[in-house]
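# Coordinate analysis (summary)
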Amino acid sequence: MKPCVAVTRRLPEVVETELAQDFDVRLNSPDITFEPSRLAALLYEADGILCTVTDRFDGSMLSAGSLRTKILANFGVGYDNIETEAARAAGLVVTNTPDVLTEDTADLAVALMLAVARRVGEGERMVRSGEWHGWGPTQLLGTRVHGKTLGIVGLGRIGHAVARRAAVGFHMRILCHTRHPPDRETLDSLGAEYCADLDDLLARSDFVSVHTPATPETRHLIDSRRFATMRQSAFLINTARGDIVDERALIEALSTRQISGAGLDVYEQEPSIARGLLELDNVVLLPHLGSATVQSRVAMGRRATENLRAFFAGRPPPDLIT
Ligand code: 8YV
């Protein structure tokens with residue numbers, strides 16, 4: 001008998017086909033986001049669950065007892081949607097899908113950096129609204145990206161890939177802040193400087209790009225005090241997780257021009273976007289597109305499948321979190 005695997009969202013067709021070869025799959029073809037009660041029920045119905053960022057598995061669901069599910073194979077590198085301690089305590093294995101989305105997510109961070117500095121969103125809105133009446137020498141003047149200083153908060157795989165693009169492609173000076181200082185070789189390969197103090201990085205950066213995981217320690221890491229340490233000319237980019245940035249403080253900083261602008265792919269209460277953000281022109285807003293390429297999403301699906309295959313074959317899953 002094949003293990004029963006519930007797939008909480010519609011995945012690229014090739015991934016669903018491959019999953020069906022090894023598992024008795026329960027697909028979500030209409031792709032409607034499951035309510036918490038449906039997710040809780042799945043824990044009693046399936047041996048494994050292939051879940052995504054839109055599925056929150058919290059402690060109360062996971063500690064309910066006598067669960068059938070033995071593995072949560074998360075489709076994504078971030079797994080803050082799962083209370084991993086509770087999963088571990090309940091005897092569930094949790095896996096993620098690192099590496100395969102690094103380059104595409106880094107591309108999107110760079111896209112946001114360029115878009116906000118060069119006022120791409122404002123320009124597009126002007127053209128679409130019929131408000132563009134011809135070229136002008138002072139029209140929509142932006143800020144040069146080339147040669148500026150980029151502060152990377154969290155120099156993991158994605159932070160590193162952003163730093164590489166910025167250093168090589170835009171001759172940017174790279175500052176980085178991480179919990180554990182990177183090794184000399186990593187810093188040298190990027191020509192980067194390590195800032196032990198995040199405030200120091202914020203005070204010296206023209207662009208700040210956030211790449212830490214969302215944990216209780218990083219919640220509201222960038223708050224009103226930290227916005228006050230940033231340059232007025234600076235831009236904040238967030239492709240990591242919404243709750244790393246205090247969104248209320250961000251809206252205040254943007255509307256009072258305490259900082260110049262922001263490029264966001266993630267939000268505190270996805271999919272709802274604070275009205276304050278929608279009303280501002282100096283922020284570029286994307287709908288969590290970081291890994292949204294065919295290539296990444298197929299690779300993420302295959303990686304999650306591989307984790308499930310390994311687990312049910314009695315092997316350690318390659319991307320074991322807990
Ligand atoms: C995914 C992401 O699209 O991998 C992550 O952590 O944020 C995104 O790239 C999302 O997590 C899918 O579950």
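Residues numbered from 1 in each chain as written. Predicted model: local features only at pLDDT ≥ 70, side-chain atom pairs only at ≥ 80, totals over all residues. Heavy atoms only, no water.

On a plain count of helices and strands, the protein chain comes out with 13 helices and 12 strands. Compactness check: the protein chain gives a C-alpha radius of gyration of 21 Å against a globular reference of 20 Å for 322 residues, within 12% of the reference. With the C-alpha coordinates aligned to their principal axes, the bounding extent of the protein chain is approximately 70 × 50 × 35 Å. With 322 residues in all, the protein chain has 49% of them scored as buried. Restricting the contact set of the protein chain to residue pairs at least 6 apart, pairs at least 24 apart contribute 62%. Carbon and sulfur atoms provide 52% of the accessible area of the protein chain, an area that totals close to 15,500 Å². Computed over 35 positive and 42 negative side-chain charges, the separation of the two mean positions in the protein chain equals 2 Å. (Helix = DSSP H or I, 4+ residues; strand = E, 2+ residues; numbered from the N terminus. Rg over C-alpha atoms; globule rule 2.2 N^0.38 Å. Buried < 20%, exposed > 50% of the residue type's maximum accessible area, 1.4 Å probe, protein only. Contact = heavy atoms within 4.5 Å. Areas by Shrake-Rupley, 256 points an atom, 1.4 Å probe, with all protein chains shown as cover. Lys, Arg positive; Asp, Glu negative; His and termini not counted. Charge placed at Lys NZ, Arg CZ, Asp CG, Glu CD.)

As enumerated under the stated definition, the model contains one cavity of 30 Å³ or more in all. Taken as a whole, the largest cavity encloses approximately 30 Å³ of empty space. Every residue lining the largest cavity is listed: Asn238, Gly242, Val245, Glu247, Leu250, Leu264 and Val266. Here the residues of the lining of the largest cavity are counted per class, giving four nonpolar, two polar and one charged. (1 Å grid on protein atoms, 1.4 Å probe; cavity = no way out; pocket = protein on both sides within 12 Å on 5 of 7 lines; lining within 4 Å. Points joined across faces, edges and corners; volume = space filled by probe spheres on them. Nonpolar A, V, L, I, M, F, W, Y, C, P; charged D, E, K, R; others polar.)

Of the pockets and cavities examined, the second largest pocket occupies roughly 220 Å³. Val116, Arg119, Glu122, Ser260 and Asn282 are, among the 19 residues lining the second largest pocket, the residues nearest its centre. Contributing elements (two or more residues each) for the lining of the second largest pocket: helix H5 (102–117), helix H6 (120–128) and strand E12 (283–285). If you tally residues by element for the lining of the second largest pocket, the top one is H6, at four residues. Residue composition of the lining of the second largest pocket, grouped by class: eight nonpolar, six polar and five charged.

What follows is about unusual backbone geometry. What is expected of a backbone is that most residues other than glycine have negative phi and most peptide bonds are trans. For the bond from glutamate 270 to proline 271, the omega torsion is 5 degrees, close enough to zero to count as cis. Residue placement: proline 271 occurs in the loop between strand E11 (261–264) and helix H12 (275–278). Here aspartate 31, not a glycine, exhibits a phi torsion of approximately 60 degrees, which is positive. When you line up the elements, aspartate 31 lands in the loop between strand E2 (24–26) and helix H2 (36–45). Owing to a relative accessible area of 23%, aspartate 31 belongs among the partly exposed residues under this scheme.

Our next topic: the packing of aromatic side chains. Applying the stated criterion to the full structure yields three aromatic pairs. Residues phenylalanine 311 and phenylalanine 312 carry aromatic rings whose centres are separated by 5.1 Å and whose planes lie at 85 degrees to one another, so their mutual orientation is edge-to-face. Put simply, the rings of Phe23, Phe311 and Phe312 touch in pairs and so form one group of aromatic residues. A cation over an aromatic ring shows up here: arginine 38 above the ring of phenylalanine 34, its NZ or CZ 5.5 Å from the ring centre. (Phe/Tyr/Trp six-rings, centres within 6.5 Å; stacked < 30°, edge-to-face > 60°. Lys NZ or Arg CZ within 6 Å of the ring centre and 35° of its normal.)

Once that is clear, we can look at the sheet that holds strand E10 (residues 235–238). The seven strands are arranged E8-E7-E6-E9-E10-E11-E12 in an open sheet whose pairing can be described as parallel. Edge positions in the open sheet fall to strand E8 (192–194) and E12, since each of these has one partner strand only. With direction set aside, neighbouring strand axes in the sheet form an average angle of 20 degrees. When strand E6 (residues 149–153) meets strand E9 (residues 207–210), the two strands line up parallel, connected through four bridges. The residue of E9 that forms the bridge with leucine 150 is phenylalanine 207. Relative to E6, helix H7 (residues 157–170) is tilted by about 170 degrees, and along the sheet it contacts E6, strand E7 (173–177) and E9. Helix-sheet contacts for helix H11 (residues 247–255) involve E10, E11 and E12, and the interaxial angle to E11 is about 140 degrees. (Pairing = 2+ DSSP bridges. Axes fitted to C-alpha atoms, helices over the stretch in contact; angles between N-to-C directions.)

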